[in-house]
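# Summary of the model geometry
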Amino acid sequence: MALPSARRLLLWTGLAVLIAWVLVPIYLVALGAFGGRLGVFRWPKSIWPTDLSFAAMSQFLAIEGVFNALLNSLIAAGLTVVFSIALGAPAGYALARYTFRGQNAYRLLVLLTRAFPLAILALPLTVSFIRLGLYDTPFGVSLIHTVLALPFAALVTQSLFMGIPREYEEAAWVFGCTRFQAFIKVILPLALPGLAATAIFAFVISWNEVFAASILTVRERTLTAYLLRILAESPLHYRFAGGFILIIPSVLFIFAVRRYLFAVWGIASK
Amino acid sequence: MPARTSWIPYALIAPSVLFLGALFLVPLVQTVWLSVSAGDGLSLENYRRMASDLNFSLAVKNTFLLTLVVVPLQVVLALAMATMVTKLDKGRDLVLWVLTIPLGISDLAAGLAWLALLQNTGYLNSALYALGIIQGPVGWLSQETPVALFFAIVLAELWRATAIVLVILIAGLQLIPKEFAEAAEIFGARPWTRFTRITLPLLKPSLQSALILRTVLAFEVFAVVYALGGRNFPVLAGEAYVWQNDNQNYGVAAAYAVLIMAISLAATAVYLRVLRTHPEQLP
């Protein structure tokens, strides 16, 4: 349905404003990150790139602790991906393929997690984590991040497996595959792109989480926890450098999963 | 095959049940327990200390005010975005990608991005200076300018978290059959009538999910506030963090956590009741 040209112009103007609204702050924090110490205090500022240099960024990365924090963020996010897929995908498969007693109770448990501010649960966990030796480890952080990502992974993989016809599996059984072989050879390859999207979401959830990571770490901080800790005393250009490093992977991740975004949330928000 | 229940589904869900039991249900009970125990017995001492804290009433007020301003604005903005995007025939994917970018950005990073814009020698002040509105750098994010700081936080939250509402609403819009609007159009319904009488009611389940998710997260707001204003703008989650990390008082931190959980649950219950859909109303 073609719009009249006046309304079309209005529509594109509106969209241009919205696109600028999203992109401008990212552009400005990038300028801050690459503008160096002088750029940060320059007055008045130009919205064009001036005094660009990698100095501020490389100085920031060279600060003691930053590299380690980056590494910890990657480890915690990687473990979160592994745990939430390993625990969530079997559950999603069970929900998609079987009817069993307690199914609704399980769904309720998963949905219940949405009504709670989950990161807050990190508060009592500090005590148990200290006792178990999990405090101040990326592993411990990944456990609480998995609580955030797991319900999501279970719901999304459920819809994913529901979208793959049961007949494919049954055909494989007829040809002599065991259930497990049928799953590995027939279902898994078909589910792989969706699983990858789920994994990326789990990664982003962990990469971005601030509260739990800050509570559960002292020395082995993730990047978000580290930035939060130094926020008050660090100079502005370091803050912008840190903010920029946090933003870049997110932008790429959203690009990678853009096809799945709506399917995934259509299901997860049911 | 599905006729009799086998052990297989139980084996498949068992790991996640155990995990959620250990890391969701147990800490939930622990939080409540921590909050009501002091010394060696049950007591409301932690809650008393929480309530008598200097920042407490301010934190409650700020958190509620933020949620009440941010969440409705986000829904309206996301509805406007979704309506505009669905009218596109060219470049739809690209526009959607850009509009959903903030979905992947953390609250901390969002706060820092807006700090670049709003700090004393930042871009907003430079623009105002160029227009001759201000004479030199002005601080917007200090304790002396609580209103400006509040709006800065609202802007950053709108920027960051509208994308999730947009995604949920677009996913919901895709589920509404086109025939409904077409039929209404044939019967002469104006666009606004079609929107309020067809789209909005059918979008109710998605709106409910979006509202629950956003409200729960809004009561948890923390890092955006910290990045922009430090401790100049107390919020509930921030106070919980301070009591736990700086004051090392787990009991009071737990009391804050229980308060946040209670508010979140109450809000969820309200949304479930007010926005309930009867199955026969669904397409």
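Residues numbered from 1 in each chain as written. Chains lettered and ligands numbered in written order. Predicted model: local features only at pLDDT ≥ 70, side-chain atom pairs only at ≥ 80, totals over all residues. Heavy atoms only, no water.

### Describing the UniProt feature "domain: ABC transmembrane type-1" (unreviewed entry) in chain A
For the record, the criterion: UniProt positions are given in the numbering used here, feature names are shortened, and annotations may be inferred rather than shown by experiment. Here a helix means four or more residues in a row that DSSP labels H or I, a strand means two or more in a row labelled E, and each is numbered from the N terminus.
Following the UniProt record, the feature "domain: ABC transmembrane type-1" (unreviewed entry) maps to residues 70–257 of chain A here. Between the C-alpha atoms that bound residues 70–257 of chain A the distance is 23 Å, and the span itself is 79% helix and 0% strand.

### Looking at the UniProt feature "transmembrane region" (unreviewed entry) in chain B
Residue and element names in this part refer to chain B. In the numbering adopted here, UniProt assigns the feature "transmembrane region" (unreviewed entry) to residues 12–36, 56–82, 94–117, 147–171, 211–229 and 249–272. Structurally, residues 56–82 comprises 100% helix and 0% strand, and the distance from its first C-alpha atom to its last is 38 Å. The annotated region residues 211–229 carries 84% helix and 0% strand content, and the separation between its end C-alpha atoms amounts to 26 Å.

### A word on the packing of aromatic side chains
We count it as follows: Geometry of aromatic contacts follows a simple scheme: Phe, Tyr and Trp rings, the Trp one being its six-membered ring, pair when their centres are within 6.5 Å, and the pair is stacked under 30 degrees between planes, edge-to-face over 60, tilted otherwise. Relative accessibility under 20% of the residue-type maximum defines a buried residue, over 50% an exposed one, and the middle range a partly exposed one, all with a 1.4 Å probe and only protein chains included. A ring has a charge above it when a Lys NZ or an Arg CZ is no more than 6 Å from the ring centre and no more than 35 degrees off the ring normal.
On inspection of all chains with the given rule, the structure shows 25 aromatic pairs over all chains. Judged by centre distance (6.1 Å) and plane angle (40°), the ring pair of F150 of chain B and F233 of chain B falls under tilted. Of this pair, F150 of chain B sits in helix α7 (residues 146–173) while F233 of chain B sits in the loop between α11 (223–229) and α12 (236–245), placing them 83 residues apart in sequence. Pair check on accessibility: F150 of chain B and F233 of chain B agree, each one buried. Aromatic ring contacts, followed pair by pair, group F211 of chain A together with F222, Y226 and Y241 of chain B into a single cluster. Here R179 of chain A stacks its cationic end above the ring of W173 of chain A, 4.9 Å away from the centre of that ring. Here R258 of chain A stacks its cationic end above the ring of F255 of chain A, 4.0 Å away from the centre of that ring.

### Notes on α12 of chain B
By the criterion of burial, α12 of chain B is predominantly enclosed, with ten of the ten residues buried. Turning to α12 of chain B, its buried residues number three or more, namely L236, A237, G238, E239, A240, Y241, V242, W243, Q244 and N245 of chain B.

### Topic: the interface of chain A and chain B
Under the convention used in this document: Contact definition: two residues touch when any of their heavy atoms are within 4.5 Å. Here the buried area means the combined drop in accessible surface, using a 1.4 Å probe, for two parts upon being joined, counting both sides. The term salt bridge refers to a pairing of a side-chain nitrogen on Lys or Arg with a carboxyl oxygen on Asp or Glu at a separation within 4 Å. A 3.5 Å cut-off defines polar contacts: any pair of N or O atoms within that distance qualifies, except that in protein one atom must be a possible hydrogen donor and the other a possible acceptor, and neighbouring residues in sequence count only when both atoms are side-chain atoms. All amino acids are sorted into three groups, where Ala, Val, Leu, Ile, Met, Phe, Trp, Tyr, Cys and Pro are nonpolar, Asp, Glu, Lys and Arg are charged, and the leftover types, Gly among them, are polar.
Facing 89 residues of chain A, the contacting portion of chain B comprises 93 residues. Three residues, W21, W43 and F262 of chain A, lead the burial of chain A against chain B; their summed loss comes to 10% of the area buried on that side. There are one salt bridge connecting chain A and chain B. With a closest N to O distance of 3.8 Å, R229 of chain A and D246 of chain B form a salt bridge. Along the contact surface separating chain A from chain B lie ten residue pairs in polar contact (both at pLDDT 80 or more). The greatest single-element share of the side of chain A that touches chain B, amounting to 17 residues, is contributed by helix α1 (residues 5–34) of chain A. Across the side of chain A that touches chain B, the residue classes break down as 62 nonpolar, 15 polar and twelve charged.

### Observations concerning unusual backbone geometry
Located in the positive-phi region is D136 of chain A, a residue other than glycine, with phi close to 65°. Positionally, D136 of chain A belongs in the loop between α6 (122–132) and α7 (138–162). With a relative accessible area of 13%, D136 of chain A lands in the buried category. Phi is positive for Q248 of chain B, close to 50°, though the residue is something other than glycine.

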